[in-house]
Amino acid sequence: MFVYILKRILFFIPTILIISVLTFALSKMTPGDPVRLALGNQDQGEGSGGASDKLAGEKAYLSMAEDLGLNLPAFYVQISNAATPDTLYKYIKKPERDNLERLISMYGNWPQIEQYYSSIKNVEYAMLDVKQDSTTFEKGRKIKENCAKLYQEYKDRNVTGYIDQIVASSDSLTPLANVHAQATLLQNSYLGIKASATPAKTYIPSLKWYGFNNQYHRWLSNFLKLDFGFSYADKRPVWSKMKDALPWTLLLNLIAIIISYIIAIPLGVTSATRKNSIGDRVSTVSLFVLYSLPSFWIGTMFIIFFTTPEYGMNFFPNFGVGDVTSDMGWWDIFTERAYHMILPVICLTYGSWAFLSRMMRGGMLSVLRQDYIRTARAKGVPDRKVVWKHAFRNSLIPMITIFSGLFPAAISGSFIIENIYSIPGMGQLAFTALMGRDYPIVFTVMMFSAFLTLVGTLISDILYAVADPRISFDK
Amino acid sequence: MTKATNIAPDDQSYWAIVRRQFRKNRSAVWSLRLLALLFLIGMSADFIANEKPYYCVINGKSYFPVLKGAGVDLGIARWPTELSNVTWRELKYEKVIWAPIPYYPTNLDKKNTDFVSPMAHQDVPSAHWKHYLGTDNLGRDVLSGMIHGTRIAMLVGVISMSVALIIGLFFGSLAGYFGDTKLKTTWAGIILNLFFLFFAFYYAFAARSYTLSDAIAVSFFGFLMQFFISLIIFILVMTIPYFISGFLRTRSYGGAEVEVPVDILISRMIEIIESVPSFLLILSIVAIVEKPSIYIVMVIIGLTRWTGIARYVRGELLKVRSLEYVEAAQALGFPERRIILRHTLPNSLTSVLISVSFGVASAILTESGLSFLGIGVPPEQVTWGSMLSLARGVPQAWWVAIFPGFAIFITVTIFNLIGDGLTDALDPRLKQ
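Just so you know, these numbers come straight off a predicted model, no measurement behind them. Numbering of residues starts from 1 in every chain and runs along the sequence as written. Here the convention is simple: chains get letters from A, ligands get numbers from 1, in the order in which they are written. With pLDDT at 70 or above as the cut-off, local features in this predicted model cover only qualifying residues; side-chain atom pairs require 80 or more to be listed or tallied, and sums for whole chains, interfaces and linings still use all residues. To obtain the side-chain values, all non-hydrogen atoms of the structure were used and water was disregarded.

**Observations concerning the overall build of chain A**
Here a helix means four or more residues in a row that DSSP labels H or I, a strand means two or more in a row labelled E, and each is numbered from the N terminus. The helix and strand tally for chain A stands at 17 helices and two strands. Our radius of gyration looks at C-alpha atoms and nothing else; its globule reference is 2.2 Å times the residue count to the power 0.38. Against the compact-globule benchmark of 23 Å for 475 residues, chain A has a radius of gyration of 32 Å, which places it well outside the compact range. Its C-alpha atoms give chain A principal-axis dimensions of roughly 110 × 60 × 40 Å. Note on definitions: a residue-residue contact is assigned when non-hydrogen atoms from the two residues lie within 4.5 Å. Sequence-distant contacts in chain A: of pairs separated by 6 or more residues, those separated by 24 or more amount to 73%. Accessible surface area values rest on a Shrake-Rupley calculation with a 1.4 Å probe, where residue burial reflects the displayed protein chains alone. Here chain A has roughly 23,500 Å² of accessible surface; of this, 63% comes from carbon and sulfur atoms. Taking the average location of the 46 positive side-chain charges in chain A and that of its 37 negative ones, the two points are 12 Å from each other. Charged residues are defined here as Lys and Arg on the positive side and Asp and Glu on the negative side; His and the ends of the chain fall outside this count. A charged residue contributes its charge at one atom only: NZ of Lys, CZ of Arg, CG of Asp or CD of Glu.

**Remarks on the environment of Lys92(B)**
In this fold, Lys92(B) is placed in the loop between helix H5 (65-74) and strand E3 (95-97). Sequence separation of Lys92(B) and Val320(B) is 228 residues, and the distance between their C-alpha atoms is 68 Å.

**Focus: the pattern of salt bridges**
Side-chain pairs of opposite charge can arise where the charged atoms are in close proximity. Residues and elements named next belong to chain A. A pairing counts as a salt bridge when a side-chain nitrogen of Lys or Arg comes within 4 Å of a carboxyl oxygen of Asp or Glu. A full pass over the atoms with the stated rule returns 16 salt bridges over all chains. We note a salt bridge from Asp-234 to Lys-241, for which the minimum N-O separation is 3.2 Å. Look at the salt bridges and you will find they share partners, linking Glu-138, Arg-141 and Glu-145 into a network.

**What about the interface of chain B and chain A?**
Listed as interface residues are 49 residues of chain B and, on the opposing side, 61 residues of chain A. Using a 1.4 Å probe, buried area is obtained as the accessible area two parts lose upon being combined, added over both of them. At the boundary of chain B with chain A, total buried surface from both sides reaches about 4,600 Å², with 76% on carbon and sulfur atoms. Interface area lost by chain B to chain A is led by Tyr202(B), Tyr210(B) and Ile288(B), which between them contribute 14%. Joining chain B to chain A, the criterion identifies two salt bridges. Between Arg358(A) and Asp420(B) there is a salt bridge; the shortest N-O distance is 3.0 Å. Counted as a polar contact is a pair of N or O atoms within 3.5 Å, where, for protein atoms, one must be capable of donating a hydrogen and the other of accepting one, and residues adjacent in sequence contribute only when both atoms are in side chains. Along the contact surface separating chain B from chain A lie seven residue pairs in polar contact (both at pLDDT 80 or more). Going through the elements one at a time, helix H7 (187-206), helix H8 (209-218), helix H10 (262-275), helix H11 (278-288), helix H14 (336-373) and helix H16 (398-426) of chain B are the ones with two or more residues in the side of chain B that touches chain A. The element best represented in the side of chain B that touches chain A is H16(B), accounting for 12 residues. Lys, Arg, Asp and Glu make up the charged group, whereas Ala, Val, Leu, Ile, Met, Phe, Trp, Tyr, Cys and Pro make up the nonpolar group; the residues left over, Gly among them, are polar. In terms of residue class, the side of chain B that touches chain A is made up of 32 nonpolar, nine polar and eight charged.

**Some thoughts on the domain arrangement of chain B**
Domain start and end points were adopted from an automatic or database domain assignment. For chain B, the domain assignment lists domain 1 (12-51 + 101-123 + 130-183 + 261-432), domain 2 (52-98) and domain 3 (184-259). Using only C-alpha atoms to locate each centre, domain 2 of chain B and domain 3 of chain B end up separated by 50 Å.

**So, the sheet that holds E3(B)**
Residue and element names in this part refer to chain B. Taken in spatial order, the three strands make up an open sheet running E2-E1-E3, and their pairing is antiparallel. Of all the strands in the sheet, just strand E2 (61-63) and E3 have a single pairing partner and so form its edges. Ignoring strand direction, the axes of neighbouring strands in this sheet form an average angle of 20°. At least two DSSP bridges between two strands are required for those strands to pair. Note: strand E1 (residues 55-58) against E2, three bridges, orientation antiparallel. By the bridge assignment, Ile-58 is partnered in E2 with Lys-61. Only the stretch in contact is used when fitting a helix axis, every axis being a line fitted to C-alpha atoms; angles between N-to-C directions are given from 0 to 180 degrees.

**Section: the pairing of E1(B)**
Pairing geometry for E1(B) and E3(B), over three bridges, is antiparallel. Each residue of the ladder has a partner; that of Tyr55(B), found in E3(B), is Ile97(B).

**Here we look at the domain arrangement of chain A**
A common way to state how big an interface is: give the accessible area lost once the parts meet. Looking at the assigned domains, one finds that chain A contains domain 1 (35-224) and domain 2 (238-467). A straight line from the C-alpha centre of domain 1 of chain A to that of domain 2 of chain A covers 53 Å.

**Quick word on a nonpolar patch on the surface**
Residue and element names in this part refer to chain A. Patches here are clusters of residues that have more than 30% relative accessible area and form no salt bridge, with a 9 Å joining cutoff for like charges and a 5 Å cutoff for nonpolar side chains (Val, Leu, Ile, Met, Phe, Trp, Tyr). Taken together, the side chains of Leu-250, Leu-251, Leu-254, Ile-255, Ile-258, Ile-259, Ile-262 and Ile-263 present a nonpolar region at the surface, about 640 Å² in accessible area. Position of Leu-251 relative to the elements: it lies in helix H10 (residues 238-273). Taking relative accessible area as the criterion, Leu-251 reaches 40% and is therefore assigned partly exposed. Exposure categories follow from relative accessible area, calculated using a 1.4 Å probe and restricted to protein chains: below 20% of the type maximum is buried, above 50% is exposed, and the middle band is partly exposed.

**Focus: helix H9 (residues 220-250) of chain B**
Residue and element names in this part refer to chain B. A helix is expected to reach a length of 1.5 Å times the quantity of its residues less one. Over its 31 residues, H9 extends 45 Å from the first C-alpha to the last, a length consistent with the 45 Å expected when each residue adds 1.5 Å. Buried residues of H9: Phe-220, Phe-223, Ser-230, Val-237, Met-238, Pro-241 and Ser-245, and no others. On its buried face, H9 sits against H7, H8 and helix H12 (294-321).

**Topic: empty space enclosed by the protein**
Residues and elements named next belong to chain A. Grid points spaced at 1 Å and placed over the protein atoms alone form the basis of the search, with a cavity being a set where a 1.4 Å probe fits but cannot get out and a pocket an open set showing protein on both sides within 12 Å along at least five of seven lines. Lining residues have an atom within 4 Å of a point. Grid points are joined across faces, edges and corners, and a volume is the space filled by probe spheres set on the points. A full pass over the atoms with the stated rule returns five cavities of 30 Å³ or more. Within this model, the largest cavity holds a volume of roughly 120 Å³. Lining the largest cavity are 15 residues, and of these Leu-246, Thr-249, Ile-411, Met-426 and Leu-452 sit closest to its centre. Split into classes, the residues belonging to the lining of the largest cavity amount to 10 nonpolar, five polar and no charged. If you add up the space inside the second largest cavity, you get close to 60 Å³. Taken together, Lys-28, Asp-33, Pro-34, Val-35, Leu-70, Ile-92, Lys-94 and Arg-97 form the lining of the second largest cavity. Split into classes, the residues belonging to the lining of the second largest cavity amount to four nonpolar, no polar and four charged.

**Structural notes on the confidence of the model for chain B**
Residues and elements named next belong to chain B. pLDDT measures the predictor's confidence residue by residue and takes values from 0 up to 100. Put simply, chain B has an average pLDDT of 84, and 96% of its residues get 70 or more. Ranking the elements of chain B by mean pLDDT puts helix H1 (residues 2-6) last, at 48, and helix H3 (residues 26-43) first, at 92. Across residues 1-5 the pLDDT falls below 50, and counting only partners more than four positions away or on other chains, this stretch makes two contacts in the model. As scored by the predictor, the complex reaches a pTM of 0.84 and an ipTM of 0.84.

**Regarding the side chain of Ser352(A)**
Residue and element names in this part refer to chain A. Checked against the element boundaries, Ser-352 lands in helix H13 (residues 330-368). Given a relative accessible area of 15%, Ser-352 falls into the buried group. Within the local environment of Ser-352, its side chain forms a polar contact with the side chain of Ser-260, the two groups lying 3.4 Å apart. Polar contacts involving the side chain of Ser-352 include one to the main-chain carbonyl oxygen of Thr-349, which spans 3.1 Å. Other than its neighbours up to four places away in sequence, Ser-352 contacts Ser-260 and Leu-406.

**A closer look at the packing of aromatic side chains**
Pairing of aromatic rings covers Phe, Tyr and Trp, the last through its six-membered ring, and needs centres within 6.5 Å; plane angles under 30 degrees mean stacked, over 60 mean edge-to-face, and all others mean tilted. Counting across every chain of the model gives 51 aromatic pairs over all chains. Centroid distance Tyr202(B) to Tyr203(B): 5.0 Å. Interplanar angle 80°. Geometry classified as edge-to-face. Grouped by ring-pair contacts, the aromatic residues Phe24(A), Phe75(A), Tyr76(A), Trp209(A), Phe212(A), Tyr216(A), Trp219(A), Phe223(A), Phe228(A) and Trp239(A) constitute a single cluster. For a lysine, the NZ atom is tested; for an arginine, the CZ atom; a charge sits over a ring if that atom is within 6 Å of the ring centre and within 35 degrees of the ring normal. One cation-aromatic arrangement involves Lys52(B) over Tyr104(B); the distance from NZ or CZ to the ring centre is 5.9 Å.

**Some points on unusual backbone geometry**
With phi around 60°, Leu226(A) is a residue other than glycine that occupies positive phi space. Note that Leu226(A) resides in the loop between helix H9 (215-224) and H10.

**Digging into the packing of helix H2 (residues 14-24) of chain B against H3(B)**
Each pair of packed helices can be described by the angle between their axes along with the distance between the axes. Residue and element names in this part refer to chain B. Where H2 contacts H3, the axes come no closer than 5 Å and their chain directions differ by 95°. In terms of axis orientation, H2 runs roughly perpendicular to H3. The residues of H3 that touch H2, namely those facing Phe-22, Arg-23 and Lys-24, are Arg-26, Ala-28, Val-29 and Leu-32. Taken together, the residues that form the contact of H2 with H3 break down as four nonpolar, no polar and three charged. Oblique is the label for every angle not falling under 35 degrees (roughly parallel), over 145 degrees (roughly antiparallel), or within 65 to 115 degrees (roughly perpendicular).

**Looking at the environment of Ile441(A)**
All names here are of chain A. By secondary structure assignment, the location of Ile-441 is in helix H17 (residues 439-467). Sequence separation of Ile-441 and Asn-158 is 283 residues, and the distance between their C-alpha atoms is 38 Å. Excluding residues that lie within four positions of it along the chain, Ile-441 makes contacts with Ser-231, Val-238, Lys-241, Leu-429 and Ala-433.

In C-alpha cells:
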C-alpha cells in the first residue's frame, strides 16, 4: 500500500509538469501585452510627445517587463525556422515581436529586418527632437501614428503605404529635415528587405536551446515556492486573493457533497431493496429529472422567483454572503451566513445527490443479486441485517470512487453558481479575472484545481483499498 | 411498430438483440422520437422562424426569399440588387406568404422592446406578428430564438462529439489493441520516429502556424481545410521513418527489438488530461481566441471530451483482443490496421454510443453554461444559454428565464435517457 501511494505521488510530478507547460503555453498565447496590463493600460504620454516623457515611459515599461521576467526567453527550447535569430526574445513588446516574426517568416533575412526595425525607431527619435509648433504639429502627429502602425504591420501594401505617408509628411518642411532623412533611410531599408529576401531559409527548421534561465523555469520555481505573482488588477499577490476566496468555495462544496452523500445513501439503498415499488419508480424518475436539470437554470429561477418581491415569494436574499459586523454573536453570524447559503447550496447539491442516489441504487441492486446474499437470506439472517451489514458495505465501493470525480465537477459547478449568487469564491475570482484579462489569477486557479483533482484521485484510491480489503495495490 | 415486424423474433444478431432490448425501454424510445423532432426543428429553423417571406410578389415580380436566403448562406446564390439590405417587414408586397414565425432571432422589434410579456398587450399589426413567447430587452422574439437555439444545440452535440469521437477512437483503439506488448519496433525505429516527429511537427504546424491562424480569423471552415492539409503533411512525413525502419528491419539492422508501451503512454496521457478541470480549461482557451465563434467553442468542447470515449474503446478492445475471432484474423495474416478497423472496432462501437449520448448531454450543458456566462460566444449570437442569461436581474421577465432553460433541460434529459436506455440494452445480464 505504502509503495503504491509513493508511486502515485511520484506520478504527480510528470503530471504537474505537463499541466504547467500547458498552462504556461496558454498564458503565452493570450492576446494583449502583459506589461501594458500590469502597468494598468495607461498611455505613455504619446500625445504630449516630449522626448523625456517618451523615454520615461519606455523605462517604466522595461522595468515592469523585467519584474515580470519577460526579458528572458520563454522556454528551454524553441522550435523555429533557421531565419529566426535566437535573440528575438529580447524584443519585449509582444505585438512588435509577433510582427517581427511575421516579417521573418515572409522574407527570411533577419539582418535587414533588424535594420528596418531600428530605422522605424530612428524616425520616431528624430521626431522627438522636433520642436512642436503650428506648422509641424499636424504632420508630426501623422508621422507618429504611421510609425506606431508600422510596428504592427506586415502586409506589404500597408507597410509601403505607411512609409510613403511618413516620407510625404516630412517632405519640404525645414524643421522636419532630419526626420525626412531618417524616413528615406527607412524606405530604403524596407526596399532592402524585399530585395534581399531569402524565403528558402524559413523552410529549414532549427532547434534552439536557451538553458534554465527562462520564463517558464522562473514561473514554475516561483510557483513551487508558493509565489504566484500578483494580480494585474489591484497589484495584490495572487496568493492572498486566493486565500480569501478558497474558504468560500470549499465551504460551499463540502456542505453540498456531504449533504448529497447523507441523503443519497439511504435513498439509494431503500429504493434498491424495494425495487419496482411505486416509491422506487417515483424516486427513480424524479432523480433522473433532477440529474438533468441544469444548475444555472435552477439558480436563475430561484433568483427570479424567491429573491424578489415580483411574485410574492421574497424568501431569500438575492446575492452575496451577508454582512457580518464584529459585534455580532456567533449564532447571528451563523444564521446570516446560512440564510445566504441556502439557495447556492441547493443548486450545488441536487445534481450530485441525484447522481449518487442512482449509483447507490445500481450498486446495491447488483450486490443484492449475488449468491452470498441469497445464502444469508436462506440461513435466516433478518432482512435488515442482510441489507445493511452484508450488502451495504460491498455496494459502497463505487460510491467512493465517484468521490474523486465529484471534486472537479464541483469546482466547475461552483464557477457558475458563485457567479450567479455573487459569492466571493474561487469561481467568481477566476471569472472576474478572466473577464478583466487578469491572467496570473486565471492560470493559478487552473493549476490549483488540477492539483486538487490529483489529490482527490489519490484519496479515493486509498479509500478504495480501505473499504475493500480484497483490493491490494502491492503485488 | 412497423419496424418491429421487419426483424424476425429469432434474429439473434447482436444489433437485433440490442434493438429489441432498447425498444423495451419506453422512455428511451420516446426520447429518440423527441430527438428526431428536435433535429427536424434545428434543420428547418430557417423555414419555421424567418423574417423573410416564403413567397412574395413585389412590383409584379415573384420571389422565394427564404429559399434564396438558404442559397445565399451556402454561397450558391446572390441577392438581386433590389432585395439586398432590405427590411423585409416594411416592403410593399402585392402578395406574400410569411413564415409561421415572422421573426429572425436577431431582428429588433422596436415597438416591443424591454421585455414584453407573452400575456401583455403587444404593439403588433396583427395576430400573426404576435410574439408568442414574448420579447427580450432589445425586442427580439424569444420563440424565434428558441427555434434557432435548437439548431445551435444540435450542432454543439454533433460537432463536439465528432471531434471527440475521432480523437477518442484513434487513441482508444491504439491503446486497446496494441496494449503494452504488441507494438514492437527496434531502437533505430524509435530514434527515427522521434527524429521525424520533429520535422513532421515543424512542417505541418510550426511552419504553417500563420496560415492556420489567418484562416481561423477568416472562417472556421477555411481553418478546418487548412488543418486538414496540415494533418496530411504530418502523416506524409511520418511515413518516411515507417518505411525506413521497415527496410532496416528486413535487413536486420537497427538493434534489438523493443516493445513500445502504447497502453501505458496513452493511459497516462488520458489521466493527465482528465486532471485538468475541463470547464476552466475550456474557459481559458475560449478567452484566448480573439474572434469568438460558436464553432470554436464546439471544437474546444470536443477536444476536452474525448478521454471518456478513448477509455471506453480501450477497455472494450482489451476485452475483445483475446477473443478467438481476432486470433483467427491474425492467423489469416491480416495486417494490424485491418484487424483494428474492420474487426475489433465495430464490436466496441455499441458501447461507445453510450459514452457519446451522455457526452452530447454534457457538451450541450457546457456550451449553454458558457453562453450563459457570455464567454466565447459573439454577442449577436442567440443561444439558449445567452437568452437565459438575459433574465438575470430582470425578475419580471419570467418567460426569458423559463423557456430557454426548459429547452436546455429537455434536450439534456433526452440524451441522458437515450444513454440510459443504451446502457440497459447493452447490458448482457438483461439479455434473455
